[in-house]
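# Chain and residue survey
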Amino acid sequence: MKEGKPSATAEANAAFRAAELMRPEDERVCHDPYAKDFLGTKFSIMGKSRLLTKIALWYAERVIPGGPNGVIARTRYIDDYLEACIDDGIAQLVILGAGYDSRAYRVDRLKGKIKVFEVDHPYTQRAKVEKVRKIFGFLPDDVVYVPIDLDKRKLSEGLFESGYDRNLKTLFIWEGTTQYLKAEAVDETLAFISNNSGEGSSIIFDYAFQSALDGTLHHEEAKKWRAAFERRGEPPTFGIEEEDIEEFLSSRGFFQVKNVTTESLEGSYFSGANQGRRVTRLGGIVHATVKPQEQT
Ligand SMILES: C[S@@+](CC[C@H](N)C(=O)[O-])C[C@H]1O[C@@H](n2cnc3c(N)ncnc32)[C@H](O)[C@@H]1O
């Protein structure tokens, strides 16, 4: 993150979701009606006209091949998982590295029923809160904003001060964020979740492959990906290999681990008119349930 500045990658993600809104309704893979309202001048052409959006996406695709589609497929997968967790009776939602995530404002089944904690780096959260005030004219009562730099402060400090209840069944969404943290911050966060959440709580997050960070996988694509994030002042710092993800989570207090490959996301979402939209092969998505205390 650049000193004093909100995350540029968070805005880029919102821009890709804004671009998706320009597709005909029956072709949209995810639907985020507020994404365009979070954009600053740099990304403001996204979602303005079909032609400008197409040009901007063509350029973004050259910078990070499969990146824009990866964000869209990931957001959709996590939306579907959230709906399943609501069916399953979650009482709290914690969104880590929330950026311009608009689930608290667009998922009706959350509103007034499930408290949402948005945790983010203070620089990004300050910008988000200003935008939310501008879009809605107020800050919703059932959204709690928790500013924490996870590389410097523990999640426990901020969440408990903000009214988080460790006995409730909770879903933790960690979208597009583990890549930018130190390994110790990822470990601390997972330890907090496995030790401080109610029965049946779960987590969903995406991760980069370590081999994409060190350049041994898809060399050219990975090189472009790293260079793009370095230019934005957010170089990727953390990765895990796909074959290690189950053991990684199991040894940190989780079970029922399900890893989702980018190939399977393409198969699920990019068919028909969306056929041919390619997702970057540099990472995956995973979800897992917190092990009951007697199993840990
Ligand atoms: C790529 S954005 C993802 C935003 C959003 N979750 C999404 O998917 O659109 C990365 C997010 O991680 C947050 N972040 C980066 N470093 C962080 C840190 N040290 N502590 C807390 N949040 C951090 C940024 O502020 C930003 O919101």
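The present account deals with the structure reproduced in this document.

The rules we used
Residues numbered from 1 in each chain as written. Predicted model: local features only at pLDDT ≥ 70, side-chain atom pairs only at ≥ 80, totals over all residues. Helix = DSSP H or I, 4+ residues; strand = E, 2+ residues; numbered from the N terminus. Expected span 1.5 Å × (residues − 1). Buried ≥ 20, exposed ≤ 12 C-beta atoms within 10 Å, placed from the backbone. Arc of directions from axis to C-beta. Contact = placed C-beta atoms within 7 Å. Axes fitted to C-alpha atoms, helices over the stretch in contact; angles between N-to-C directions. Parallel < 35°, antiparallel > 145°, perpendicular 65-115°, else oblique. Nonpolar A, V, L, I, M, F, W, Y, C, P; charged D, E, K, R; others polar. Pairing = 2+ DSSP bridges. Near = placed C-beta within 6 Å.

## With respect to helix H2 (residues 50-63)
Between the first and last C-alpha of H2 there are 20 Å, a value that for 14 residues agrees with the 20 Å anticipated at 1.5 Å per step. By the burial criterion, the buried members of H2 are Thr53, Ala56 and Ala60. Projected down its long axis, H2 shows its buried positions confined to an angular sector of 65°, all on one face. In H2, the exposed residues that point more than 90 degrees away from the buried face are Arg50, Leu51, Lys54, Ile55, Trp58, Tyr59 and Arg62. In this fold, the buried residues of H2 make contact with helix H1 (8-20) and helix H3 (67-87).

## Considering the environment of Gly40
Position of Gly40 relative to the elements: it lies in the loop between H1 and H2. Separated by 60 residues in the primary sequence, Gly40 and Tyr100 place their C-alpha atoms 12 Å from one another.

## Concerning the packing of H3 against helix H11 (residues 262-269)
For any two helices packed against each other, one specifies the inter-axial angle together with the distance between the axes. Look at H3 against H11: their axes get within 10 Å of each other, and the N-to-C directions meet at 75°. When the axis of H3 is compared with that of H11, the two are roughly perpendicular. Contacts between H3 and H11 involve Gly70, Ala73, Arg76 and Tyr77 on the former and, on the latter, Thr262, Leu265 and Tyr269.

## What about the packing of H1 against H3?
Between H1 and H3, the shortest axis-to-axis distance is 9 Å and the interhelical angle comes to 80°. If you check the angle between H1 and H3, you find them roughly perpendicular. Between H1 and H3, the contacting residues are Asn13, Phe16, Arg17 and Glu20 on the first element and Pro68, Val71, Ile72 and Thr75 on the second. Each residue belonging to the contact of H1 with H3 can be placed in one class, and the counts come to four nonpolar, two polar and two charged.

## Considerations on the pairing of strand E1 (residues 92-96)
Here E1 lies mainly inside the structure; five of its five residues are buried. The two faces of E1 match: Gln92, Val94 and Leu96 on one face and Leu93 and Ile95 on the other face are all buried. Pairing between E1 and strand E2 (residues 115-120): five bridges, direction parallel. Paired with Gln92 across the two strands is Lys115, which belongs to E2.

## A word on the site of the ligand
What surrounds the ligand is a group of 22 residues, the closest being Asn13, Gly97, Gly99, Thr124 and Gly176. If you tally residues by element for the shell around the ligand, the top one is H1, at three residues. Its residues placed into classes, the shell around the ligand shows eight nonpolar, nine polar and five charged.

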